[in-house]
Amino acid sequence: MFVMATWGLNIVSIKYLTQHMDIQALAAVRIVVAFITVTLIIKARRGRIPKLGRVELGWVALAGFLVVYAHQVALVSGLRFSSAANGTLIMATSPLLSALLAAIFYREKLTLVRISGALLGLLGVGMVVAGSGAQFGLTGWGDAVVFVAVLVFVFGGLVIQRMSRMMDPLGMLWYMYLAGGLMLVVHAAITPSSYQTDTWQMTWWPWLVLLFSAVIASGVSNIVWNAGIARLGISRAALFVNWLPIFGLLFASLFLDEQVTLTHIVGLACVLGGTWLGLRRSDPRQRFR
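Residues numbered from 1 in each chain as written. Predicted model: local features only at pLDDT ≥ 70, side-chain atom pairs only at ≥ 80, totals over all residues. Heavy atoms only, no water.

Caption draft 1: Expanded view of the environment of Arg80. Tracing the backbone shows Arg80 in the loop between helix H3 (54–79) and helix H4 (84–91). Placed 63 residues apart in sequence, Arg80 and Asp143 show a C-alpha to C-alpha distance of 9.8 Å. Those residues in contact with Arg80, other than ones at most four positions away along the chain, are Lys15, Thr18 and Ile23. (Helix = DSSP H or I, 4+ residues; strand = E, 2+ residues; numbered from the N terminus. Contact = heavy atoms within 4.5 Å.)

Structure representation (structure tokens):
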């Protein structure tokens, strides 16, 4: 529950920070600070960074690309145009997508109920996107990019579940942040807008919000999340993400004065209903063979 609360607040924080920083610089700085945080936690626990072979390094690089680089770039880019309320509802589809992808990649057979849940969840997302404006303009485009961020995050979760058989969650996260952080730094370095003076001359409050986002939401919370995936598996751990839209909508209303509309409520109901259908155990006779 702590992870979902911090992630819900993190979406609001990132939306706020996109109004003060270049988005590529924001993504890079957040992960660099998170990497430093994870390193300090490992040292405080007197742990050691495990040495990896070529196979493990390949999986870590893939997870770093998906969960860190691609997810962060898509998330900050999408939230620049989407609202925090829309973003948090779209991210609530991750449990459903996790269950479906786990069925595909880990040979869990699909059922009619699970497919119905997928369609209901996508209907909820569609309602949120359609309700974001009269036409599919910048806001709708931002919603679509946030959904891409969810997709790459879920694919990354499948990789993490596989990696958890090879190494501990803390060392795994350290390597992921190292790989993904290097990608983000290179991306920011070759992006001219990253060098804008305004990005580096913020007042103390945006810097404080950035520290929360990097240290707590991206550092500490991801350690807990990876440990949960290693223990429960991605489909079961993703059940807790049901709380993400609740916290996200609450924080968006409190801190960004975003209006929570009837469309958001109905969309939330569809997403949560679809997730419940997608993750519930069904009669084995309903499975598609």
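Caption draft 2: Looking closely at the nonpolar core. Counting residues in hydrophobic clusters, the biggest one holds 73 residues, and the most contacted among them are Trp7, Val38, Met163, Met176 and Leu184. In terms of residues, this core owes the most to one element, H3, which gives twelve residues. Leaving out residues up to four positions away in the same chain, Met176 has contacts with Val60, Ala63, Gly64, Val67, Val68, Ile160, Met163, Gly181 and Asn226. (Core = buried A, V, L, I, M, F, W, Y, C linked by side-chain atoms within 4.5 Å. Buried < 20%, exposed > 50% of the residue type's maximum accessible area, 1.4 Å probe, protein only.)

Caption draft 3: Up close: a nonpolar patch on the surface. Nonpolar side chains collect at one region of the surface, where Val32, Ile36, Leu40 and Val185 lie side by side and expose about 320 Å² of accessible area between them. No other element matches the three residues that helix H2 (residues 23–44) contributes to the nonpolar patch. (Patch = residues over 30% accessible without salt bridge, like charges linked within 9 Å, V, L, I, M, F, W, Y side chains within 5 Å. Areas by Shrake-Rupley, 256 points an atom, 1.4 Å probe, with all protein chains shown as cover. Salt bridge = Lys/Arg side-chain N within 4 Å of Asp/Glu carboxyl O.)

Caption draft 4: Fine view of the packing of H2 against helix H8 (residues 169–189). Running from N to C, H2 and H8 point in directions that differ by 155 degrees, and their axes come no closer than 9 Å. Here H2 lies roughly antiparallel to H8, going by the angle between them. Crossing of H2 against H8: the hand is left-handed. Contacts between H2 and H8 involve Gln24, Ala25, Ala27, Ala28, Ile31, Val32, Ala34, Phe35, Val38, Thr39, Ile41 and Ile42 on the former and, on the latter, Leu170, Leu173, Trp174, Tyr177, Leu178, Gly181, Leu184, Val185, His187 and Ala188. (Axes fitted to C-alpha atoms, helices over the stretch in contact; angles between N-to-C directions. Parallel < 35°, antiparallel > 145°, perpendicular 65-115°, else oblique. Left-handed = near helix turned anticlockwise from the far one by under 90°.)

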